[in-house]
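So you can see what is in the structure, the chains are spelled out below.
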Number of protein chains: 2
Amino acid sequence: MSESTQAWVEADLIISGAGELLTCARVSSALGARSTLGAIPGGAVAAYDGRVVWTGSAEALPEEVRLVRGGQNVDADGRVVMPGLVECHAHLAFAGDRADEFQLRVAGATYQEIAAAGGGIMSTVHATRAASDEMLRALTRRRLDHFLRYGVTTVEAKSGYGLSQEQELRLLEVYRDVAAAHAVDVVPTLLAAHAVPVEYSDRPDDYVKMIVKKMIPAAAKHKLAKFCDAFCEKGAFTPEQCRQVLEAGSEHGLLPKLHADQLSYTGGAELAAELGAVSADHLDHVSEAGVAALAASGANKRLPVAVLLPGATFFLGEGGHAPARRLLDAGARVALSTDLNPGSSPTQNLWLMATMGGSQLRMTAEEVIRAITIEAAAALAVDDEVGSLEVGKKADILILEETRTSEIPYRYGMNPVWRVYKDGRLVVKRDLAGEM
Amino acid sequence: MSESTQAWVEADLIISGAGELLTCARVSSALGARSTLGAIPGGAVAAYDGRVVWTGSAEALPEEVRLVRGGQNVDADGRVVMPGLVECHAHLAFAGDRADEFQLRVAGATYQEIAAAGGGIMSTVHATRAASDEMLRALTRRRLDHFLRYGVTTVEAKSGYGLSQEQELRLLEVYRDVAAAHAVDVVPTLLAAHAVPVEYSDRPDDYVKMIVKKMIPAAAKHKLAKFCDAFCEKGAFTPEQCRQVLEAGSEHGLLPKLHADQLSYTGGAELAAELGAVSADHLDHVSEAGVAALAASGANKRLPVAVLLPGATFFLGEGGHAPARRLLDAGARVALSTDLNPGSSPTQNLWLMATMGGSQLRMTAEEVIRAITIEAAAALAVDDEVGSLEVGKKADILILEETRTSEIPYRYGMNPVWRVYKDGRLVVKRDLAGEM
């Protein structure tokens, strides 16, 4: 049989016997956000050399796929098989914690009051600047280990706790160095415009100028970041300052992202859409005009993905979740993320965000699962590589303890992962028995 | 040296080097709920034959405790050491799940609408009745395994998905049989008054009469339950029906508990106090009179402990958390629980309830930690045996990954457990490395 007419593919990994195989493949539709999970009951997935080479039904498997000598044949035994999760908004490298600040908030102080008193992001900046490179690498590595254990195979990593050229670039270098030796894929983001550092407190525009003139060019020159992000908020940066930062980023090839309308309405969503940002994140206080500005993102890939972070809303405890239902019903693409950071969301359990997507945001099981896979990948502009199980994409594959799609957002606050394969290689194996 | 003047104690387990040792010992106070955690920085705990024999500071340890030959000396290496958690409100034995019902609620149906349509508790009753004894034992065992992995060493186990004499007693027998061979201590509760079974739908008083005349006497005779509980709610049982059930329970030596004011106000808290219930559970819709009725429970052990279940409120997604702050400020004792059940709270992560205690209920770190240890033990009337590390109590001890008290409610949605000792024996050993 000549290769051109060969009806089967070679695989070095076959996972079969899925209760449901969720490919999360994009389905063309006028309302992209409503498309399905590409669920195949009893499905199977095959990979070769770290890439997906085949997905389909168990019946077609013996005809269409051949396992190479030494390849692995895994029986999912009725479990859900799905793509590795994508964490699309994470503040990964920081030192210290803000556990005592949480107690201040329990006692009634607001996030913004604490920040105005020199706590908040600034306290993490102090601790992070004081930490050695070695410590920051160790902390980052450990957080990647945790994410991987929870089934996350691609993670965004924002800077933002350095707030000087030297310190911001140092954080991005930590990501580069740790990522080089870790299974998880790391997507670095320059978030120099996270807060105005103390040294610039009376002249924030000079800090913005420094970001624009020095930090962005340096990060771009050394290829240390894929994205440029900014925190558009009262007490952080104005829409005009954010525009300057993101436009400068774009000029240097850094794709724009924006922290928009989190604690108050600033017109962030509209600005993100206008600037062609890849994502507009938070949106707890988005306006109707902001919803409208993101509404067509299901059909138009040039519009921002709405990245919602219900964990931050939950942990801040002030209520007022983002209007996920309105965004979805208007046709926007919606991703979910932990927002891992030491102030407003110290968690790495992305599955819990899927549950909050249901219980707090009224998203369906299909919507929340897409929101932590393919839509999250779109929010990092890596949806051609990860976020779904499709031929040619990375073989980042989870096998869960659950057997049905609807169980994924249902059992909450725990870890449903049974196995994680990264680039076709087994990297996490969890068992109750394994913990005695 | 004669034994009577011996200044030291023998131990077969010493855990030293704690960042903080939290004894959670009760401190006499007019406001019991405000008492401290008995934290000892750098503290140590010693046990012999499964019981705590000593707690104190590291300096006193060499003088006052001697390790017997073959005993274990464990270095906590700066971690928090604390009592095993007590889960005081759990519906443990059931078959099936209600993941699809969660999707109906996401789409807008209320918990009570689903129940009225024959879903809700009734769907779990159907699945549970149909399950074999062997299946129910396996499911129960697995849930106990999960709780233990999350640091829970004592668990309440309610019946309530049988709703006939034969089936309710069968569930209690499952608890008896599984508990006999499991490390976790199980405290069984007869909750025959959980829902009116279909066979009695047009004559609920006859079902109550059957509970009173047959089920309670049988459960008591065979020593299958410590507590008798009832669901006081529109669509379930009236206050008068609950009174009949709990009074009959008391006559047969079953201590009263009550599901009170969860979905609507029924006067449940007041009823629980009047009946001398050991706990009044849920309280999302408690009245000011109800708060007042529980207010003195910090000082008066005959008044019910308020058991709050923020996970159910969270998962039902209708808002309206219990007024924990008002209860605590009024002097009530407050415990927290997962409310593990397939309808309104499918989780076994009691640590997440501690975080909700902070972010949603405005309880301090000390209050939430007491609420999942000593106050939860009080809600099960086992606070003379577990819930704190005090001489003579069970050596149920956790070593956490965290190093400070305030970190416990802070990092959320994950599992902080590093080691679990039950009756002085190592039963859970967790490591990132252990999962590859």
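Report follows, based on the coordinates. All figures in this text were calculated on a predicted structure; none of them were measured in a lab.

Attention shifts here to unusual backbone geometry. If a residue is not glycine, its phi is most likely negative; likewise, a peptide bond is most likely trans. All names here are of chain A. Within the chain, Leu283 stands out as a residue other than glycine whose phi angle is a positive 65°. With respect to the helices, strands and loops of the structure, Leu283 is situated in the loop between strand E13 (279–282) and helix H10 (288–294). For Asp423, which is not glycine, the phi torsion reads 50° and is therefore positive.

As a further point, take the interface of chain A and chain B. With 57 residues of chain A in contact, the opposing surface of chain B contributes 57 residues. Summed over both sides, the interface between chain A and chain B buries roughly 4,900 Å², with carbon and sulfur atoms accounting for 56% of that surface. Applying the counting rule to chain A against chain B returns 6 salt bridges. Across the pair Asp100 of chain B and Arg404 of chain A runs a salt bridge whose closest N-O atoms are separated by 3.4 Å. At the junction of chain A and chain B, the tally comes to 28 residue pairs in polar contact (both at pLDDT 80 or more). For the side of chain A that touches chain B, the elements supplying multiple residues, two or more each, are helix H2 (99–106), helix H5 (133–149), helix H11 (310–316), helix H13 (350–359), helix H16 (407–410) and strand E18 (425–429) of chain A. Class assignment for the residues of the side of chain A that touches chain B results in 24 nonpolar, 16 polar and 17 charged.

Looking at the secondary structure, you find Asn415 of chain A in the loop between H16 and strand E17 (417–422). A polar contact is formed between the side chain of Asn415 of chain A and the backbone nitrogen of Val417 of chain A, at a distance of 3.1 Å. With residues up to four places along the chain from it excluded, the contact list for Asn415 of chain A reads Arg149, Tyr150, Trp351 and Arg430 of chain A together with Tyr150 of chain B.

Formed by 229 residues in total, the largest nonpolar core has its most connected members in Leu283 of chain A together with Leu283 of chain B. Other than its neighbours up to four places away in sequence, Leu283 of chain A contacts Ala260, Asp261, Ala269, Leu294, Ala306, Leu308, Ala322, Pro323 and Leu327 of chain A.

This part takes up the relation of the copies chain A and chain B. Placing chain A over chain B gives an RMSD of 0.0 Å and needs a rotation angle of 180°, together with 0.0 Å of translation along the axis. The superposition of one copy onto the other is thereby described by a two-fold rotation axis. Rotation axis and chain A: the residue whose C-alpha lies nearest the axis is Gly413 of chain A, separated from it by 2.4 Å. Residue by residue, 100% of the interface of chain A is reproduced at the interface of chain B, so both copies engage with the same surface.

Turning our attention to the pattern of salt bridges. Within the structure shown, the criterion is met by 60 salt bridges over all chains. Residue Asp423 of chain A is joined to Lys422 of chain A by a salt bridge in which the shortest nitrogen-to-oxygen separation is 3.2 Å. With a relative accessible area of 2%, Lys422 of chain A lands in the buried category. Note that Arg176 of chain B and Asp177 of chain B form a salt bridge whose closest N and O atoms lie 3.1 Å from each other.

It is worth spelling out the sheet that holds strand E2 (residues 20–22) of chain B at this point. Residue and element names in this part refer to chain B. Spatially, the 6 strands line up as an open sheet ordered E3-E2-E7-E16-E17-E18, and their pairing is mixed. Each of the sheet's edge strands pairs with one partner strand only, and the pair in question is strand E3 (39–41) and strand E18 (425–429). Within the sheet, the average angular offset between the axes of one strand and its neighbour, ignoring direction, is 20°. In this sheet, E18 lies alongside strand E17 (residues 417–422) in antiparallel orientation, the contact comprising 4 bridges. When the bridges of E18 are listed, Val420 appears paired with Val428.

Let us look at the packing of aromatic side chains. Here the structure, examined in full by the defined rule, presents 15 aromatic pairs over all chains. For the pair Phe102 of chain A and Phe315 of chain A, a centre-to-centre distance of 4.3 Å together with 15° between the ring planes defines the contact as stacked. On the criterion of sequence distance, the pair formed by Phe102 of chain A in helix H2 and Phe315 of chain A in helix H11 is long-range, its members being 213 residues apart. Of the residues examined, Phe315 of chain A reaches a relative accessible area of 0% and is grouped as buried. Within the aromatic cluster, the residues linked to one another by ring pairs are Phe102, Phe314, Phe315, Tyr410 and Tyr412 of chain A together with Phe102, Phe314, Phe315, Tyr410 and Tyr412 of chain B.

Another aspect to go through is the packing of helix H7 (residues 204–221) of chain B against helix H8 (residues 239–251) of chain B. All names here are of chain B. Running from N to C, H7 and H8 cross one another at 5°; their axes reach a closest spacing of 9 Å. Taken together, the axes of H7 and H8 are roughly parallel relative to one another. Residues Pro204, Asp205, Val208, Ile211, Val212 and Ile216 of H7 form the contact with H8, whose own contacting residues are Gln241, Gln244, Val245, Ala248 and Gly249. Classifying every residue of the contact of H7 with H8 gives 7 nonpolar, 3 polar and 1 charged.

Criteria and thresholds
Residues numbered from 1 in each chain as written. Chains lettered and ligands numbered in written order. Predicted model: local features only at pLDDT ≥ 70, side-chain atom pairs only at ≥ 80, totals over all residues. Heavy atoms only, no water. Helix = DSSP H or I, 4+ residues; strand = E, 2+ residues; numbered from the N terminus. Contact = heavy atoms within 4.5 Å. Buried area = accessible area lost by both parts, 1.4 Å probe. Salt bridge = Lys/Arg side-chain N within 4 Å of Asp/Glu carboxyl O. Polar contact = N/O pair within 3.5 Å; in protein donor to acceptor, adjacent residues only side chain to side chain. Nonpolar A, V, L, I, M, F, W, Y, C, P; charged D, E, K, R; others polar. Core = buried A, V, L, I, M, F, W, Y, C linked by side-chain atoms within 4.5 Å. Buried < 20%, exposed > 50% of the residue type's maximum accessible area, 1.4 Å probe, protein only. Least-squares fit on C-alpha atoms with pLDDT ≥ 70 in both. Pairing = 2+ DSSP bridges. Axes fitted to C-alpha atoms, helices over the stretch in contact; angles between N-to-C directions. Phe/Tyr/Trp six-rings, centres within 6.5 Å; stacked < 30°, edge-to-face > 60°. Parallel < 35°, antiparallel > 145°, perpendicular 65-115°, else oblique.

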